Amino acid sequence: MLQKFGKRVMNNFGLKILAVLFAVVLWIVVVNIDDPSNSKPYTTSVSLENKSYITSMGKWADYLDGKNTITFSVYAKRSVHNTLTNANFTATADAQKIEYDEKTGTYRVPVVVTCNRNNSSINITSKDLYLDLELEDSASKQFPIKTNTTGTVASGCALGDVEITDANVMKVSGPASVVNQIDTVVATINVDGMSTDITDRVTPVFYDAQGEVVDTTKLTLSVSTVNISAQILNTKDVELEFLTTGTPADGYQAGDITYTPQKVRIKGEAAILNTINKITIPEEVLDLTDASSDIEKTVDISTYLPSGTALVISSDSKIDVTVVVEAVKTKTLQIPVTNLQVIGLDADEKVQYEEDNIALTVSGRSSVIDALDEKTISGSIDLTDLKLGAHNVLITFELDEDTVSYADTYAAVTIESASDTSASAESDNTDGELENTSTSKKVTDR
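In this text the structure is predicted, and so the values were computed from the model without any measurement.

J.: Talk me through the overall build of the protein; I want residue IDs and the actual numbers.
T.: Within the protein, the regular secondary structure consists of 8 helices and 28 strands. Sorting the 446 residues of the protein into buried and exposed places 31% on the buried side. By sequence separation, contacts in the protein at least 24 residues apart represent 77% of the contacts at least 6 residues apart.

Written out as structure tokens, the structure reads:
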């Protein structure tokens, strides 16, 4: 049986294949001639019109799940479908026709689809089309645009004023959930390596209270970019000078003024900095009237900076100042005459002191006086043009007159001839005796 069937199949096999091919071709020809109609899906985006109708109600609308496309079916002849693409269709939704779907709990707007060609040859067969929306309260706020910089200016320079040169207020509107997140709006300019003033146009960034960036894609902004400028100034290190006024209480004396830092770095235009050598704090800031102990004070020097300058490091404005105030102490020291230098003595003369030590009375702050060592205090006497004999000679001591005071102190001396002493010594050696005598002389003024 199978063998018989096989023979039938293979009998005139080539003619049978040719017949099949002819049937296919004939079907294609018939189809093309007949041009049958069918349905085909298309997709396009929806344009929401009259959005102001929603905003006028204090609401903000967004596409549900971010989707603003719809898919619909078009019934047309095959030849028409061959000429159509998604781009041939336009979909619009009128916000004034918004409605609430109680079944889904969402808002929707009817969508109207039109085709820009062959309108009479197509039929959009899908059922009612809707654009799904989500609504929430809208909000609008204004924020001052703050300035910021990134990078470090060139060496020897400092950052001056940084400011917005056009609109410095940003108005934002949109969903309240986003608007209420905004805490600050910041425009940042890059000053890295800069040594001259710069200007740039930048996009402000929105931050929440935690410093995180806020996504503004759903917001309407009054401006998208702003002009920002940065001033680059020269710098200079200058010393501080503190003046004082008033007199401490009786028996007390003012001493050193100590403060940290002793120098500050200021910034400004080169022409201004070149005229500044120090910053002087006026005397009324440190009043020592009737003080009997150290005066400690924190002084804000920023108000005393020369016009056109500012501190590079703002924290340097607070200077801790201490003015030492101590009780006055008087003390008498015994200065060895060997500590005195003799000036103006001729080569053939010598000097004899009446005493081995000189009584020197000094006064000053306790810490200064207590630190004096009588063994190391030096001085000098000037014997220029003085003749042989006894004299009272003024002693000049090497003491800091700003911290130590002393009355005029004299040394009783006798100027003798060096040759007389030599002859006397030779005579004593001849006699074989060494005679030591201590002669008390009357000291007279020259």
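J.: An account of the nonpolar core is needed here, citing residue identities and associated values.
T.: A general trend in soluble globular proteins is that nonpolar side chains are found buried together. With 26 residues, the main nonpolar core has Ile145, Val172, Ile182, Val185, Ala187 and Phe206 as its most contacted residues. With 4 residues, the single largest contributor to this core is strand E15 (residues 226–242). Each residue touching Phe206, except ones within four places of it in the same chain, is listed here: Met170, Val172, Ile182, Thr184, Val185, Glu212, Val213, Val214, Thr216 and Leu221.

J.: Now, about the sheet that holds strand E26 (residues 389–397): what can you tell me, with residues and values included?
T.: If you walk across this open sheet you meet the 5 strands as E22-E25-E26-E28-E23, and the pairing is mixed. Every interior strand has two partners, whereas the edge strands, strand E22 (340–343) and strand E23 (349–353), have only one. Each strand of the sheet is rotated relative to its neighbour by a mean of 35°, with strand direction disregarded. Note that E26 and strand E28 (residues 410–417) share 6 bridges and pair antiparallel. Note that in E28 the partner of Ala390 across the bridge is Thr414.

J.: Which residues make up a negative patch on the surface, and what values do they have?
T.: Among the surface-exposed residues, Asp346, Asp348, Asp382 and Asp385 lie close enough to one another that they form a single negatively charged patch. Among the residues examined, Asp382 registers a relative accessible area of 43% and is labelled partly exposed.

J.: Pulling in residues and values, what's your account of the pattern of salt bridges?
T.: Under the criterion given, the structure shown has 11 salt bridges. Between Asp137 and Lys59 there is a salt bridge, and its shortest N-O distance comes to 2.7 Å. Of the two residues, Asp137 sits in strand E8 (residues 130–150) while Lys59 sits in strand E2 (residues 59–63), which places them 78 residues apart along the sequence. Judged by its relative accessible area of 30%, Lys59 is partly exposed. Lys278 serves as the salt-bridge partner of Glu241, at 3.1 Å between the closest nitrogen and oxygen. Of the two residues, Glu241 sits in strand E15 while Lys278 sits in strand E18 (residues 278–281), which places them 37 residues apart along the sequence. A relative accessible area of 43% places Lys278 in the partly exposed class.

J.: Kindly report on the side chain of Thr414, identifying the contributing residues and their values.
T.: Within the secondary structure, Thr414 is located in strand E28. A relative accessible area of 6% means that Thr414 is categorised as buried. Reaching out from Thr414, the side chain makes a polar contact with the side chain of Glu354 at a distance of 3.4 Å.

J.: Before we move on, can you summarise the packing of aromatic side chains with the specific residues and values?
T.: The geometry of two aromatic rings is summed up by the distance between their centres and the angle between their planes. Under the defined criterion, the tally for this structure stands at 5 aromatic pairs. On the basis of an interplanar angle of 90° and a centroid distance of 5.6 Å, the ring pair of Phe397 and Tyr406 is categorised as edge-to-face. The aromatic ring of Tyr130 is capped on one face by Arg108, whose charged end is 3.8 Å from the ring centroid.

J.: Lay out the environment of Asn119 with the relevant residues and their values.
T.: Relative to the helices and strands, Asn119 is located in the loop between strand E6 (106–115) and strand E7 (122–124). Residue class for Asn119 comes out partly exposed when judged on its relative accessible area of 48%. For the pair Asn119 and Ala76, spaced 43 residues apart in sequence, the C-alpha separation works out to 10.0 Å.

Criteria and cut-off values
- Residues numbered from 1 in each chain as written.
- Predicted model: local features only at pLDDT ≥ 70, side-chain atom pairs only at ≥ 80, totals over all residues.
- Heavy atoms only, no water.
- Helix = DSSP H or I, 4+ residues; strand = E, 2+ residues; numbered from the N terminus.
- Buried < 20%, exposed > 50% of the residue type's maximum accessible area, 1.4 Å probe, protein only.
- Contact = heavy atoms within 4.5 Å.
- Core = buried A, V, L, I, M, F, W, Y, C linked by side-chain atoms within 4.5 Å.
- Pairing = 2+ DSSP bridges.
- Axes fitted to C-alpha atoms, helices over the stretch in contact; angles between N-to-C directions.
- Patch = residues over 30% accessible without salt bridge, like charges linked within 9 Å, V, L, I, M, F, W, Y side chains within 5 Å.
- Areas by Shrake-Rupley, 256 points an atom, 1.4 Å probe, with all protein chains shown as cover.
- Salt bridge = Lys/Arg side-chain N within 4 Å of Asp/Glu carboxyl O.
- Lys, Arg positive; Asp, Glu negative; His and termini not counted.
- Charge placed at Lys NZ, Arg CZ, Asp CG, Glu CD.
- Polar contact = N/O pair within 3.5 Å; in protein donor to acceptor, adjacent residues only side chain to side chain.
- Phe/Tyr/Trp six-rings, centres within 6.5 Å; stacked < 30°, edge-to-face > 60°.
- Lys NZ or Arg CZ within 6 Å of the ring centre and 35° of its normal.

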